[in-house]
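Okay, here's what each chain looks like letter by letter:
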Amino acid sequence: MGKCRENPRKPKRQNKLLKIAKVEALPKGRGATVQLNDGTEIALFNVDGKFYAIENFCPHKGAPLADSHLHGKIIECEWHGWLFDVSSGKCLTKKECSLETYEVKIEDGWIKILV
Ligand code: FES
């Protein structure tokens, strides 16, 4: 049994609300990569009009998760099929390998992420 891989580029907590994009920019059922100023990344998803943000790194072998297919709230990593719930960050394949989640707020039509 391998261990969960640490994300070397996990966004640092700064207690800052970052303005990301207009709500219309990310259609339902899609994900997008959000690049932060320090080069770290967040994967943002639109699940039926509700937005969720997680670190953009699969703890199996480090695949970016933003382009994974959504099945409801569940994404499947494109590299080897690990499953994650984007709303909780929980890994359904290996429960000790959960993802960091970031709070998303919608204000005046803008998606904002609290990092
Ligand atoms: S990198 Fe192997 S399942 Fe994600």
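Scroll up for the structure.
Computed from a prediction, not measured in an experiment: that's the story for all the values here.

Peer 1: Is there a simple way to explain the sheet that holds strand S4 (residues 50-55) in this structure?
Peer 2: Strand pairing in a sheet relies on backbone hydrogen bonds. The paired strands run either parallel or antiparallel. Spatial ordering of the open sheet is given by S1-S9-S8-S4-S3-S2, a layout of six strands whose pairing is antiparallel. Sheet topology places strand S1 (17-22) and strand S2 (31-35) at the edges, where each strand pairs with a single neighbour. When the angles between neighbouring strand axes are averaged without regard to direction, this sheet yields 30 degrees. Examined bridge by bridge, S2 and strand S3 (residues 41-47) share five bridges and lie antiparallel to one another. Among the inter-strand pairings, glycine 31 is bridged to a residue of S3, identified as phenylalanine 45.

Peer 1: Got a minute to help me understand unusual backbone geometry in this structure?
Peer 2: Glycine aside, residues mostly have negative phi, and peptide bonds are mostly found in the trans state. Although it is not a glycine, asparagine 15 adopts a positive phi angle of roughly 55 degrees. Secondary-structure assignment places asparagine 15 in the segment before S1. With 6 C-beta atoms packed within 10 Å, asparagine 15 lands in the exposed category. Backbone geometry places aspartate 108, a non-glycine residue, at a positive phi of 50 degrees. Mapped onto the secondary structure, aspartate 108 falls in the loop between strand S8 (101-107) and strand S9 (110-114). By the C-beta count within 10 Å, which is 8 here, aspartate 108 ends up exposed.

Peer 1: Looking at this model, I keep getting lost on the sheet that holds strand S6 (residues 74-76). Mind explaining?
Peer 2: Taking strand neighbours across the sheet as the criterion, the three strands line up as S5-S6-S7 in an open arrangement whose pairing is antiparallel. Both outer strands of the open sheet, strand S5 (69-71) and strand S7 (83-85), are each paired with one neighbouring strand and no more. Neighbour to neighbour, the strand axes of the sheet diverge by 30 degrees on average, direction disregarded. One ladder, built from three bridges, connects S5 with S6; its direction is antiparallel. Across the sheet, histidine 71 pairs through a bridge with isoleucine 74, a residue of S6.

Reading the values: rules and limits
- Residues numbered from 1 in each chain as written.
- Predicted model: local features only at pLDDT ≥ 70, side-chain atom pairs only at ≥ 80, totals over all residues.
- Pairing = 2+ DSSP bridges.
- Helix = DSSP H or I, 4+ residues; strand = E, 2+ residues; numbered from the N terminus.
- Axes fitted to C-alpha atoms, helices over the stretch in contact; angles between N-to-C directions.
- Buried ≥ 20, exposed ≤ 12 C-beta atoms within 10 Å, placed from the backbone.

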